[in-house]
Amino acid sequence: MANVVVVGAQWGDEGKGKIVDWLSERADVIARFQGGHNAGHTLVVDGEVYKLSLLPSGIVRGGKLSVIGNGVVLDPWHLVKEIAQLRGQGVTITPETLMIAENTPLILPIHGELDRAREEQTSVARIGTTGRGIGPAYEDKVGRRAIRVADLADPATLEARVDRALVHHDALRRGLGLEPVDRDALIAALQEVAPTVLEYAAPVWKVLDEKRRAGRRILFEGAQGSLLDIDFGTYPFVTSSNVIAGQAATGTGMGPGAIDFVLGIVKAYTTRVGEGPFPAELKDADGQRLGERGREFGTVTGRKRRCGWFDAVLVRQTCATSGVNGIALTKLDVLDGFETLKICTGYDLDGERIDYLPTAADAQARCVPVYEEMPGWSQSTEGARSWNDLPAEAIKYVRRVEELIRCPVALLSTSPEREDTILVTDPFED
Ligand code: IMP
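Scope of this entry: the structure provided in the associated data block. Please read these numbers as outputs of a predicted model, since none were measured by experiment.

### Side note on the overall build of the protein chain
Right, so step 1: When its secondary structure is counted, the protein chain shows twelve helices and 18 strands.
Right, so step 2: For the protein chain, whose C-alpha radius of gyration is 22 Å, the value lies close to the compact-globule estimate of 22 Å for 430 residues.
Right, so step 3: If one aligns the C-alpha atoms of the protein chain with their principal axes, the spans along those axes are about 65 × 50 × 35 Å.
Right, so step 4: Within the protein chain, contacts between residues at least 6 apart in sequence are counted, and of these 76% link residues at least 24 apart.
Right, so step 5: A gap of 1 Å separates the mean positions of the 49 positive and 61 negative side-chain charges of the protein chain.

Set out below in structure tokens:
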């Protein structure tokens, strides 16, 4: 049985929600392996809209096991809220349907405060984070001062962990002009939330190993996008986790051999939320039109997304760094009605043509996109369910994308409805 990893192949918001939902129906286990509640996945199942940011998408379907892996940073108070909200919508959540890795680091209120305080410093360029404490929580993880799920079970360990974290945080807060942390209030708040979190705590690596041996299908659900990866993204304008497919193994405790197929989610054009380089960004009427037609507003923060033409250079790069076997191309219908479409096929860097995004920030800033023009189509592609429903120009556009990114289309999504999908390759059966 194949296990599938789904990753965003651009800057996030590629339309992963629908694809992950479609795949999770066919999976037995759905596991998150990085990020936290900075993600925003909207699922529409039988007309009901579910908004998830921390819980795996499989949670809304009965009979599945949803897993939060150790690669995630978990805000326990947000967890309680999201569980309550979903229960209010009739979703059943029990320790049989949700498991949280015991070695998952927690996001504390002080992480959110620090994240926002840093973003307000005007002396350095803002990252444009979601303000949810993601970066500071990962810093504490690698700084070996995080409080992890398992620490909540023993009051003495919890106090010792909090004290270790506060030696660092109080010093930092003094420098930023923030009040020292109220240690006792923080411990009390953690003790209060502990029973809910511990109810779902499990040795996830072991459970997944057993599921795999029993031939169960595992879907690894990525959040954000590969260009926000801490190593391979547009650093420092990135999130603080590894987003690329290799993280599915480390972020759950499985070996890399557990991954059989990597599905990259790719939008038919490009968007980005927050600050940072974006060579093919459009600040004109075309960009405005992509944003309006594509309803490009952030699910988590409501921010307007920056829009641009499809950048094949970047997607070729992320397909390589994530080892993408096939892509799901989404939102093709947003391109309906453009007379001419452009695809970025390379960059001009100081008069030289290059075929990848350089790592140095100053070189990135000097990259001028080189475009190839293609005729658009006037017919609607919205809701197409077979290649025959697509105008010839749209098929040509898709074929050209495949050629340029050196990766085939496995799925083509033509509307938010799950049935409006053209299936070329089933990732679980490949
Ligand atoms: P952070 O993850 O909150 O630290 O934000 C770092 C960067 O990642 C910012 O540019 C955010 O806009 C971006 N980001 C984080 N999560 C998402 C997401 O789910 N979709 C798109 N961008 C995201």
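### Description of the pattern of salt bridges
Right, so step 1: This model, assessed by the stated rule, comprises 29 salt bridges.
Right, so step 2: Where D184 meets R183, a salt bridge forms, and the shortest distance between an N and an O atom there is 2.9 Å.
Right, so step 3: Within the structure, one salt-bridge network assembled from shared partners comprises D13, K267, E296, R305 and K331.

### Focus on unusual backbone geometry
Right, so step 1: The step from Y235 to P236 runs through a cis peptide bond, and the omega angle for that step is 5°.
Right, so step 2: Of note, P236 is situated in the loop between β8 (218-221) and α8 (247-250).
Right, so step 3: Non-glycine residue D350 carries a positive phi angle of around 50°.
Right, so step 4: Structurally, D350 is set in the loop between β14 (340-349) and β15 (352-354).
Right, so step 5: Classification of D350 as exposed rests on a relative accessible area of 55%.
Right, so step 6: Its identity is not glycine, yet R406 carries a phi of approximately 60°, on the positive side.
Right, so step 7: With respect to the element layout, R406 can be found in the loop between α12 (392-405) and β17 (409-413).
Right, so step 8: Overall, R406 belongs to the exposed group, its relative accessible area being 65%.

### Quick notes on the environment of Q10
Right, so step 1: Note on placement: Q10 falls in the loop between β1 (4-8) and α1 (16-24).
Right, so step 2: Considering only alpha carbons, one finds Q10 and F261, 251 residues apart in sequence, at a separation of 18 Å.
Right, so step 3: If near-sequence neighbours (up to four positions away) are discounted, Q10 is found in contact with G225, S226, L227, L228, I265, V266, K267, Y269, T270, F310 and V315.
Right, so step 4: Here K267 takes part through its backbone nitrogen, which lies 2.7 Å from a polar atom of the side chain of Q10.
Right, so step 5: For Q10, the side chain forms a polar contact with the main-chain oxygen of Y269, separated by 3.1 Å.

Parameters and conventions
- Residues numbered from 1 in each chain as written.
- Predicted model: local features only at pLDDT ≥ 70, side-chain atom pairs only at ≥ 80, totals over all residues.
- Heavy atoms only, no water.
- Helix = DSSP H or I, 4+ residues; strand = E, 2+ residues; numbered from the N terminus.
- Rg over C-alpha atoms; globule rule 2.2 N^0.38 Å.
- Contact = heavy atoms within 4.5 Å.
- Lys, Arg positive; Asp, Glu negative; His and termini not counted.
- Charge placed at Lys NZ, Arg CZ, Asp CG, Glu CD.
- Salt bridge = Lys/Arg side-chain N within 4 Å of Asp/Glu carboxyl O.
- Buried < 20%, exposed > 50% of the residue type's maximum accessible area, 1.4 Å probe, protein only.
- Polar contact = N/O pair within 3.5 Å; in protein donor to acceptor, adjacent residues only side chain to side chain.

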